Amino acid sequence: MFLPLGVVGPWQVLIICLVIVLLFGGKKIPELMKGLGQGVKSFKQGMKDVEKEIEDIDKDLDAAAKTPDKIEKVDSNKQ
């Protein structure tokens, strides 16, 4: 049976897990996963902050477009 490249089966996942355990040891893996989880959490928080800033800027632009600054009538007869 021909499987296209890039398809990872259960045996490949098992081999990858065994290699990771051999390289890092059983005690290091929880620390690595904790660091990875904190990194993902930090990335998500950063994305939320950027989205909030964009929304704030958009609201400010909408408010500025709806409320023009002081409009004065210019008398063209004055010189």
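Remember, it's a predicted structure, so these values are computed and weren't measured experimentally. (Residues numbered from 1 in each chain as written. Predicted model: local features only at pLDDT ≥ 70, side-chain atom pairs only at ≥ 80, totals over all residues. Heavy atoms only, no water.)

S.K.: Explain the overall build of the protein chain to me, and be specific about the residues and the numbers.
M.R.: Scanning the protein chain from terminus to terminus reveals two helices and zero strands. A burial count over the protein chain gives 1% of its 79 residues as buried. (Helix = DSSP H or I, 4+ residues; strand = E, 2+ residues; numbered from the N terminus. Buried < 20%, exposed > 50% of the residue type's maximum accessible area, 1.4 Å probe, protein only.)

S.K.: Give me a nonpolar patch on the surface: which residues, what numbers.
M.R.: There is a patch of nonpolar side chains on the surface, built from Val8, Val13, Ile15, Ile16, Val19, Ile20, Leu23, Phe24, Leu32, Met33, Leu36 and Val40 and spanning about 1100 Å² of accessible area. If you list the elements that add at least two residues to the nonpolar patch, you get helix H1 (10-24) and helix H2 (28-66). Counting residues per element, the nonpolar patch draws most heavily on H1, at seven residues. For Met33, the location among the structural elements is in helix H2. On the basis of relative accessibility, which here comes to 51%, the residue Met33 falls in the exposed class. (Patch = residues over 30% accessible without salt bridge, like charges linked within 9 Å, V, L, I, M, F, W, Y side chains within 5 Å. Areas by Shrake-Rupley, 256 points an atom, 1.4 Å probe, with all protein chains shown as cover. Salt bridge = Lys/Arg side-chain N within 4 Å of Asp/Glu carboxyl O.)

S.K.: Can you lay out the pattern of salt bridges for me, pointing to particular residues and giving the numbers?
M.R.: Inspection of every chain in the model, using the stated rule, returns two salt bridges. For Glu31, the salt bridge goes to Lys28, with nearest N and O atoms at 3.7 Å. Of the two residues, Glu31 and Lys28 both sit in helix H2, three residues apart, roughly one turn of that helix. A relative accessible area of 45% places Lys28 in the partly exposed class. The shortest N-O distance in the salt bridge between Asp56 and Lys52 comes to 3.3 Å. With a gap of four residues between them, Asp56 and Lys52 both fall in helix H2, about one helical turn apart. A relative accessible area of 33% places Asp56 in the partly exposed class.

S.K.: Please give an account of H1 that cites residues and values.
M.R.: For H1, spanning 15 residues, the distance from its first C-alpha to its last is 21 Å, which sits close to the expected 21 Å at 1.5 Å a residue. Looking at the residues trailing H1, positive phi occurs at Gly25, about 85°. (Expected span 1.5 Å × (residues − 1).)

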